[in-house]
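Structural overview for review
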Amino acid sequence: AMEDPDFNLEGRRLRQQLGRTIAETLADEPGLDKRSMGPAPARPILRGMGGDRLLVLEDRQRTGDLSATSADHAVVVEPMTAERIEVLRGPDALLYGPNTLGGVINVARGYIPTTHLDHIHGTATYQGESVNNGHAGGIAITSPIGPFSARLDASARSAEDIDTPTGRLNNSSLQTLNGSVGLALVKSWGFIGVAASEYESDYGIPGGFVGAHPNGVDISLERSHTELKAEFFPAHDWIRHIEVHGSRSRYYHQEIESSGILGVEFGLLTYNGTLNVFFNQEGLFRNGMIGVWAEHRDWAAGGLVFAPPTIERTLAGIVHQEMVLGKWALKGAFRWDSRQVTPEFEKESNRIGWIRARRFGNWSAAVGTFYQITSRLVMGSHIMRSFRAPGIEELYSEGPHLAAYSFEIGNPRLQEERGVGIDIITSYQSEAWQLDWAVFRNSFDDYIFPRNTGQLNFRTLLPTYQFIGLDAVIQGTEVNLDWRISSLLSLKAGMSYVYGELTDSGEPLPWMPPLHGKFEVRFSLSGYQFGLRTRTAAEQNRLGEFEEYTAGYSIIDLFAQRVFQSGPFLSSLDLGIENLFDQEYRRHLSRVKSVMPEPGRNIKLLFRMYF
């Protein structure tokens, strides 16, 4: 089968790499990196793109958090109970949003069971690490209850401040609670299910750098999420199945200064609805789909943020189609998005201009082509046009954002951002090894980003960032090799490079990851696996204005894995030592690198029991 070589992390490799956050779990994979302000508020970066340009989904649905809008906001997805993490690209990514040039990261958890069960099964997990005296535990159970299938999961995570080779990173602790319950009726005609989940987290933002409180800021957030999902298989000649999905998320977040004063609070109420109709194969056409997606977001901020409460409504129509012609496989998708952004009041602001309602609407499209050159060699490409409406904060921000250590000035005149991207993919697979290589180029009209003006706001002593839209290009390459040398020995290597600049001036885009990669060798011996991994990054000296240089590094990790039967239970034990030689190193995309380096030597343990 000719398939898009999308990235997938599951099973043994997911357990080995499991971190405190989704971003940490993925950070050293080719094409991926993480932007962070300490361990908790870390978010993935994909091909140099993050924030609102990167959708992080849970069970293919929006998370309803504010992690895309600011570096100090955490992603409300607990990695421990994830079944797998996948990256979708091209037409498949376009199904979930119009601004998915880099791709979409989806965390598959299975809140709502979609198959009928005949017995109880589940997992229990414990995770511990030494670098922050961190402990986490989680359980996930699916069980039949009469005609229904039920799923329950719960987890808790606690970590103290992180130790680095040069000292402790103060105010980097983390406490998280997460739980969900789902119930579904699965029949021959399809299924209908509901789920409810709760996520609560308290974490610290370190201080000590320009604009920062000496003791940092504490953040407390909670998200309540309910959803309904149904799938129907009508007895119809050309309709294969119909999907219906609806959800409601309530997100609330407080930022508390070290003195105990509330600095900022955010509230977000999100409603989502989806209706997708999938069609039977018709001649050359397969996996055809037409869908409608709607979202209502009610956003408000309090404390020192002066942006008005705002309602954001989006309506989108989507079509998707695949075709196979001999050795060719083709995929295509088209969507139209219309967004209305309505602040509670209109006014003229001395600082940012006329705050008013805005309407944005545009199309996005993607085509993926794959050609089977030989039985082992496939070449393919994606061509995509993307569209991104400016976010509420980009339009209307006006004031200090203390936890992000910035004074943010929005721009109500911003135009929509449009991107055109192409990537070319080559995949060679033999019995012993697989090589994947991709090159990509994404060019943007009115690329929206917060530009450091170089000025300090005299009242708050915070650096001032002004949102602007300028033409830009982001291009790069990534390569991945998996080589099974023998039944005892395997090798894995990956590398990625991203280069971003403003088109008119040639000035480097800020916050671009440097050339980085990893190399891993793994030995298998009578049920045990042992390995050594190096994580390497070059220096980053292509800097945006007022951005700091970061030196290169090479870090060594060790790991061991064992899967064994204990009575009726299958168990797995993963042991790792990260940063074996306790080296001092800094990641370019860390906002706290000027204060402290990355974590020091860390002994990690993960025990999981399957029942």
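Below is a summary of the structure that appears in this document. (Residues numbered from 1 in each chain as written. Predicted model: local features only at pLDDT ≥ 70, side-chain atom pairs only at ≥ 80, totals over all residues. Heavy atoms only, no water.)

**Overview of the overall build of the chain**
This is how the line gets drawn: Each helix is a run of DSSP H or I of at least 4 residues and each strand a run of E of at least 2, with the numbering of both proceeding from the N terminus. Relative accessibility thresholds used throughout: buried, under 20% of the residue-type maximum; exposed, over 50%; partly exposed, between the two (1.4 Å probe, protein chains only). By the convention used here, residues are in contact when the closest approach between their heavy atoms is within 4.5 Å. Per-residue and other accessible areas follow the Shrake-Rupley method at a 1.4 Å probe size, with only the shown protein chains counted as cover for residues. Only four residue types enter the tally: Lys and Arg on the positive side, Asp and Glu on the negative side, with His and both chain ends excluded. Note on charges: their place is set at NZ of Lys, CZ of Arg, CG of Asp or CD of Glu.
Secondary structure summary: the chain contains four helices and 35 strands in total. Oriented by its inertia axes, the alpha-carbon framework of the chain measures out at about 65 × 55 × 50 Å. When the 611 residues of the chain are sorted by exposure, 56% land in the buried category. Within the chain, contacts between residues separated by at least 24 positions form 64% of all contacts whose residues are at least 6 apart in sequence. Accessible surface computed for the chain: about 24,800 Å², of which carbon and sulfur atoms make up 58%. Each charge sign in the chain was given a centre, from 58 positive and 72 negative side chains, and these centres are 3 Å apart.

**Re the environment of Glu 393**
Under the convention used in this document: Polar contacts, as used here, are pairs of N or O atoms within 3.5 Å; protein pairs need one atom able to donate a hydrogen and one able to accept it. Residues neighboring in sequence count only if both atoms are side-chain atoms.
By the element assignment, Glu 393 lies in helix H4 (residues 392-396). Taking relative accessible area as the criterion, Glu 393 reaches 12% and is therefore assigned buried. Separated by 323 residues in sequence, Glu 393 and Ser 70 place their C-alpha atoms 9.2 Å apart. Contact partners of Glu 393, with chain neighbours within four places excluded, come to Leu 66, Thr 69, Trp 299, Gly 410 and Phe 467. In this structure the side chain of Glu 393 is engaged in a polar contact, spanning 3.3 Å, whose partner is the side chain of Trp 299.

**Focus on the packing of aromatic side chains**
To be explicit about the condition: A pair of aromatic rings is counted whenever rings of Phe, Tyr or Trp (Trp by its six-membered ring) have centres within 6.5 Å, and the orientation is called stacked for planes under 30 degrees apart, edge-to-face for over 60 and tilted otherwise. Our definition puts a charge over a ring when NZ of Lys or CZ of Arg is within 6 Å of the ring centre and also within 35 degrees of the ring normal.
Scanning all chains against the criterion turns up ten aromatic pairs. Judged by centre distance (5.9 Å) and plane angle (45 degrees), the ring pair of Tyr 447 and Phe 449 falls under tilted. Of the two residues, Tyr 447 and Phe 449, both sit in the buried class. Judged by centre distance (6.1 Å) and plane angle (10 degrees), the rings of Tyr 528 and Phe 530 are stacked. When its relative accessible area of 39% is taken as the criterion, Tyr 528 is described as partly exposed. Each member of the aromatic cluster is reached from another via a ring pair, and the members are Phe 444, Tyr 447 and Phe 449. The ring of Tyr 447 has Arg 53 lying over it, and the distance from NZ or CZ to the ring centre is 3.9 Å. Over the ring of Tyr 499 we find Arg 542; its NZ or CZ atom is 3.9 Å from the centre of that ring.

**Focus on the sheet that holds strand E6 (residues 84-88)**
Note the threshold: One requirement defines pairing of two strands: DSSP has to find at least two bridges between them.
Pairing is mixed in the open sheet, where five strands are placed in the order E1-E6-E7-E4-E5. Each edge of the sheet is formed by a strand with only one pairing partner; in this case those strands are strand E1 (8-10) and strand E5 (61-62). By the bridge criterion, four bridges tie strand E4 (residues 55-58) to strand E7 (residues 104-108) in an arrangement that is parallel. When the bridges of E7 are listed, Glu 58 appears paired with Val 107.

**Thoughts on the pattern of salt bridges**
To keep things clear, this is the line we draw: Salt bridges are identified by distance alone: a Lys or Arg side-chain nitrogen within 4 Å of an Asp or Glu carboxyl oxygen.
In the structure shown here, the tally under the stated rule is 40 salt bridges. A salt bridge links Arg 84 to Glu 86; the nearest nitrogen and oxygen atoms lie 3.2 Å apart. On the basis of relative accessibility, which here comes to 27%, the residue Arg 84 falls in the partly exposed class. Given a relative accessible area of 8%, Glu 86 falls into the buried group.

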